[in-house]
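Fold and geometry: a report
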Amino acid sequence: MSDQRKVVFQGEVGANSHMACNAVYPEYQAIPCATFEDCFHAIETGEAELGMIPIENSVAGRVADIHHLLPRSNLHIIGEYFMPIRFQLMGIKGTKLEELKSVQSHIMGLGQCRNFIRDHNLKPIIGADTAGSARQVVEGGDKTIGAFAPELAADVYGLDILARDCEDAAHNTTRFVILSREKKQTANTGQPIITTFIFRVRNVSASLYKGLGGFATNNVNMTKLESYQLEGQFFASMFYADIEGHPEEPNVALALEELAFYSTELNILGVYNASPFREKIREPEANRALRPTPGK
């Protein structure tokens, strides 16, 4: 049995998540899982040490399943990775682009290539994932069906690339979180830190407004705030949030304390180093300077 450390991802060999595993943990064995639930189970049971899980995309938005799985798990976020997404249109060896009538991919992949699909009059077919769609094209043997998938999938399954970089937006990027069953919070060393947490505010008037007010008064930048319904109950909303800063910093501690006062639940999912990629997507100072001053 191999002693090589393992990192799991959802999808098949050749998927974007597989490429992310190879980029961040090249010394690990990347293990494909059919579902996100399988990924979480593998980490929780010790079958794998880590998981590379997509949580949001700059074009298609959030990966909704993760927001429901994370609170129910005992896993922790120990890092993040931003990967520019490039979809290649691939087909059976010898196929020409004009022969295609339909294209298959994961639903998010299709959503990120809408313009190309429309411009080439292709019928979209929803597949389980990107690399799996490439495999199914090979197995089906139909030259009229192509797949949107990462370049690695063409190498793995022996397909021709018929068109490159078919995504609608050049900024198309997926953010991954790295999950571990071990709680490994990064120390407060003065380096840029992201703290991720979920919370549920009290079901009373203005509780969300008052709970979040502490981040403004303590000068804590919140980079992400999303809500989702709790187990089908329309009156009970959970919130997922990312902030810049470490819980040990006095201003962050005060902001979290104020949020906790107005919440029935507050759970920190991870404290980890901010990806250097964040500097590329930070709003320019010039843009912030152009905003009108409140009250003027």
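Small disclaimer: the values here were computed from a predicted structure and weren't measured.

Our focus in this paragraph is the packing of aromatic side chains. Per the counting criterion, the structure on display carries eight aromatic pairs. Between Tyr81 and Phe176, the aromatic rings sit 6.5 Å apart at their centres with planes inclined by 35°, giving tilted as the arrangement. One end of the pair, Tyr81, is in strand S5 (residues 76-84); the other, Phe176, is in strand S11 (residues 173-180), and 95 residues separate them in sequence. On the accessibility criterion, Tyr81 (22% relative accessible area) is partly exposed. Taking relative accessible area as the criterion, Phe176 reaches 1% and is therefore assigned buried. By way of ring pairs, the aromatic residues Phe197, Phe199, Phe215 and Phe239 are connected into one cluster. Over the ring of Phe261 we find Arg202, and its NZ or CZ is 5.1 Å from the ring centre.

What follows is about the side chain of Ser73. Mapped onto the secondary structure, Ser73 falls in the loop between helix H3 (64-72) and S5. Note on Ser73: relative accessible area 10%, which makes it buried. At 2.9 Å, the side chain of Ser73 forms a polar contact with the backbone oxygen of Leu70. Ignoring anything within four residues of it in the chain, the contact list for Ser73 reads Phe40 and Glu44.

Rules and cut-offs
Residues numbered from 1 in each chain as written. Predicted model: local features only at pLDDT ≥ 70, side-chain atom pairs only at ≥ 80, totals over all residues. Heavy atoms only, no water. Phe/Tyr/Trp six-rings, centres within 6.5 Å; stacked < 30°, edge-to-face > 60°. Helix = DSSP H or I, 4+ residues; strand = E, 2+ residues; numbered from the N terminus. Buried < 20%, exposed > 50% of the residue type's maximum accessible area, 1.4 Å probe, protein only. Lys NZ or Arg CZ within 6 Å of the ring centre and 35° of its normal. Polar contact = N/O pair within 3.5 Å; in protein donor to acceptor, adjacent residues only side chain to side chain. Contact = heavy atoms within 4.5 Å.

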